[in-house]
Amino acid sequence: MTYIRPELPDARATLRAGLPDHYLTPEDLTAMFRLPSVETVYAWRKKRTGPPAMRIGKHLRYDPAAVRAWADSLIETDAA
């Protein structure tokens, strides 16, 4: 008798709801939001109007879940 193991869902996909497994770079945000340049992302950070970011060494990184929450908050603000 052969036992067939059922397929388990990918825990990372469930946890992140389809978001990337790695932190995003400013260049990633520029591409995602089709911004004119990466300088827009840096200006958001300086003005504290963009998604929350963190420094990892000398590099700026964004948590995909935080970027999604920030974008969702913009949608809710526009709808109100």
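So, how was this worked out
- Residues numbered from 1 in each chain as written.
- Predicted model: local features only at pLDDT ≥ 70, side-chain atom pairs only at ≥ 80, totals over all residues.
- Heavy atoms only, no water.
- Helix = DSSP H or I, 4+ residues; strand = E, 2+ residues; numbered from the N terminus.
- Buried < 20%, exposed > 50% of the residue type's maximum accessible area, 1.4 Å probe, protein only.
- Contact = heavy atoms within 4.5 Å.
- Areas by Shrake-Rupley, 256 points an atom, 1.4 Å probe, with all protein chains shown as cover.
- Phe/Tyr/Trp six-rings, centres within 6.5 Å; stacked < 30°, edge-to-face > 60°.

Trainee: It is not clear to me how the overall build of the protein should be interpreted in this structure. Could you clarify?
Mentor: For the protein, the helix and strand inventory stands at four helices and two strands. Starting at the N terminus and walking to the C terminus, you meet the elements of the protein as α-α-α-β-β-α. Within the span of the protein, comprising 80 residues, buried residues form 21% of the whole. Restricting the contact set of the protein to residue pairs at least 6 apart, pairs at least 24 apart contribute 47%. Carbon together with sulfur atoms contributes 57% to the accessible area of the protein, which is approximately 6,500 Å² in total.

Trainee: Sorry, what's going on with the side chain of Thr-30 here?
Mentor: Following the sequence through the fold, Thr-30 ends up in helix α2 (residues 26-32). Here Thr-30 is in contact with Leu-35, Ser-37, Val-38 and Val-41, once residues within four sequence places are set aside.

Trainee: Which parts of the structure should I look at to understand the packing of aromatic side chains?
Mentor: Note on aromatic pairs: each is described by the distance of the centres and the angle between the planes. The full count for this structure, using the stated rule, is three aromatic pairs. For the pair Phe-33 and Trp-44, a centre-to-centre distance of 6.4 Å together with 70° between the ring planes defines the contact as edge-to-face. One end of the pair, Phe-33, is in the loop between α2 and α3 (38-47); the other, Trp-44, is in helix α3, and eleven residues separate them in sequence. On the basis of relative accessibility, which here comes to 30%, the residue Phe-33 falls in the partly exposed class.

Trainee: How do you make sense of the environment of Pro-26 when you look at a structure like this?
Mentor: Positionally, Pro-26 belongs in helix α2. The class for Pro-26 is buried, based on a relative accessible area of 3%. Separated by 14 residues in the primary sequence, Pro-26 and Thr-40 have C-alpha atoms spaced 9.2 Å apart.

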